[in-house]
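Observations on the three-dimensional arrangement
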Amino acid sequence: MNFAWSAAAAAVLSFVIGFVVHGMLLAPDYANLKSMFRPEAEMQGLFTWMLVAHVLFGVAFAWIYMKGREDKPFLAQGARFGFAVAVLATIPTYLIYYVIEPWPAVVVVKQIIFDTIGVVVMGIVVAWIQSRGQRTAPA
């Protein structure tokens, strides 16, 4: 049951943090880059794929955490895990996008900082959920 709760929490947090970071904090930056994005109506037509992406991320995030957790305090362990995920996925993704797409460097730096903070928060929440109760992971 811990897996289901942590996967659901990670998926919801991924969606909410993504909205806060990209829909609010970076919205002014993105407004100046409209030519790089799909039209709003087209994006909304593909919204289901956004939900699928966040659910997949949440499930994978919780699953990988469960496979590697140690019997240590959740706060440090969750922050460490979140930072490791940021180094593995978040930071390289934005650096690759910077190389192949015309993103302004200042926007890329903001994306990296904000999303790294978000993933660290997700790691702490998943670690907290997993520190409670049963400690078994799905096969």
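This text follows the structure it describes.
Residues numbered from 1 in each chain as written. Predicted model: local features only at pLDDT ≥ 70, side-chain atom pairs only at ≥ 80, totals over all residues. Heavy atoms only, no water.

1. Focus on the environment of Val52
Quick note on the threshold: Secondary structure elements follow DSSP: runs of H or I of four or more residues count as helices, runs of E of two or more count as strands, with numbering from the N terminus.
As for its position among the elements, Val52 is in helix α4 (residues 47-68). C-alpha of Val52 to C-alpha of Ala11: the two residues are 41 residues apart in sequence and 9.4 Å apart in space.

2. Notes on the packing of aromatic side chains
For clarity, the cut-off: Here a pair means two rings of Phe, Tyr or Trp (six-membered ring of Trp) with centres within 6.5 Å. Their orientation is stacked below 30 degrees between planes, edge-to-face above 60, and tilted elsewhere.
Within this structure, the stated rule accounts for 8 aromatic pairs. Members of the aromatic cluster, connected to one another through ring pairs, are Phe57, Phe61, Tyr65 and Phe81.

3. Some words on the layout of surface pockets
For the record, the criterion: Grid points spaced at 1 Å over the protein atoms alone were grouped into cavities, where a 1.4 Å probe fits but cannot get out, and pockets, open sets with protein on both sides within 12 Å along at least five of seven lines, with lining residues defined by an atom within 4 Å of a point. Grid points are joined across faces, edges and corners, and a volume is the space filled by probe spheres set on the points. Under the scheme applied, nonpolar residues are Ala, Val, Leu, Ile, Met, Phe, Trp, Tyr, Cys and Pro; charged residues are Asp, Glu, Lys and Arg; polar residues are all the others, including Gly.
The computed volume of the largest pocket comes to approximately 1700 Å³. For the lining of the largest pocket, the elements supplying multiple residues, two or more each, are α1 (2-25), α2 (27-31), α3 (40-45), α4, α5 (74-100) and α6 (105-131). Here the element with the most residues in the lining of the largest pocket is α1; it accounts for 7 residues. The class makeup of the residues in the lining of the largest pocket is 22 nonpolar, 10 polar and 5 charged.

4. Description of α4
Quick reminder: α-helices carry 3.6 residues per turn. Residues three or four places apart thus point the same way. In plain terms, the rule: Here the expected length of a helix is defined as 1.5 Å per residue gap, with one fewer gap than residues. Summary of the burial criterion: residues with accessible area below 20% of their type's maximum are buried, those above 50% are exposed, and those between are partly exposed, where the area comes from a 1.4 Å probe applied to protein chains only. The arc in question is traced by the directions running from the helix axis to the C-beta atoms. Any two residues whose heavy atoms approach within 4.5 Å at even a single point are treated as in contact.
The terminal C-alpha atoms of α4, which comprises 22 residues, lie 32 Å apart, in line with the 32 Å expected from a rise of 1.5 Å per residue. Taken as a whole, α4 has its buried residues at His54, Gly58, Phe61, Ala62, Tyr65 and Met66. For α4, the arc enclosing every buried residue in end-on projection is 125°, short of the 170-degree limit, so these residues lie on one face. Exposed positions of α4 whose direction lies more than 90 degrees from the buried face are Thr48, Trp49 and Leu56. Packed against the buried residues of α4 are α1, α5 and α6.

5. Side note on the side chain of His54
Here is the rule we go by: As used in this structure description, the phrase polar contact means that two N or O atoms lie within 3.5 Å; if the pair is within protein, one of them must be able to donate a hydrogen and the other to accept it, and residues adjacent in sequence are counted only when both atoms belong to side chains.
The residue His54 is located in helix α4 in this model. Within the local environment of His54, its side chain forms a polar contact with the side chain of Ser14, the two groups lying 2.6 Å apart. With sequence-adjacent residues up to four places away left out, His54 is seen in contact with Ala11, Ser14 and Phe15.

6. Looking at the packing of α5 against α6
We count it as follows: Helix axes use the C-alpha atoms of the stretch in contact, all axes being lines fitted to C-alpha atoms, and the angles between their N-to-C directions lie in the range 0 to 180 degrees. Any angle that is under 35 degrees is reported as roughly parallel, and any over 145 degrees as roughly antiparallel; angles of 65 to 115 degrees are reported as roughly perpendicular and all others as oblique. Left-handed describes a crossing whose near helix is turned anticlockwise from the far helix by less than a right angle; the clockwise case is right-handed.
With their axes 7 Å apart at the nearest point, α5 and α6 run at an angle of 150° to one another. Classified by the angle between their axes, α5 and α6 sit roughly antiparallel to one another. Crossing of α5 over α6 shows right-handed handedness. Within the contact of α5 with α6, the residues separate by chemical class into 19 nonpolar, 7 polar and 1 charged.

7. Describing the nonpolar core
Considering soluble globular proteins, one finds that nonpolar side chains tend to be buried as a cluster. Spelled out, the test is: To form a nonpolar core, buried Ala, Val, Leu, Ile, Met, Phe, Trp, Tyr and Cys residues must be joined to one another through side-chain atoms within 4.5 Å.
With 19 residues, the main nonpolar core has Phe61 and Trp103 as its most contacted residues. For this core, the elements supplying multiple residues, two or more each, are α1, α4, α5 and α6. For this core, the element with the most residues is α6, which contributes 7 residues. Dropping the residues within four chain positions of it, Trp103 is found in contact with Tyr30, Leu33, Met36, Phe37, Tyr97, Tyr98, Val108 and Gln111.

8. With respect to the environment of Asp29
Structurally, Asp29 can be placed in helix α2. Classification of Asp29 as buried rests on a relative accessible area of 15%. Separated by 21 residues in the primary sequence, Asp29 and Ala8 have C-alpha atoms spaced 30 Å apart. The residues touching Asp29, leaving out its near neighbours within four places in the chain, are Val107 and Lys110. For Asp29, the side chain forms a polar contact with the side chain of Lys110, separated by 3.0 Å.

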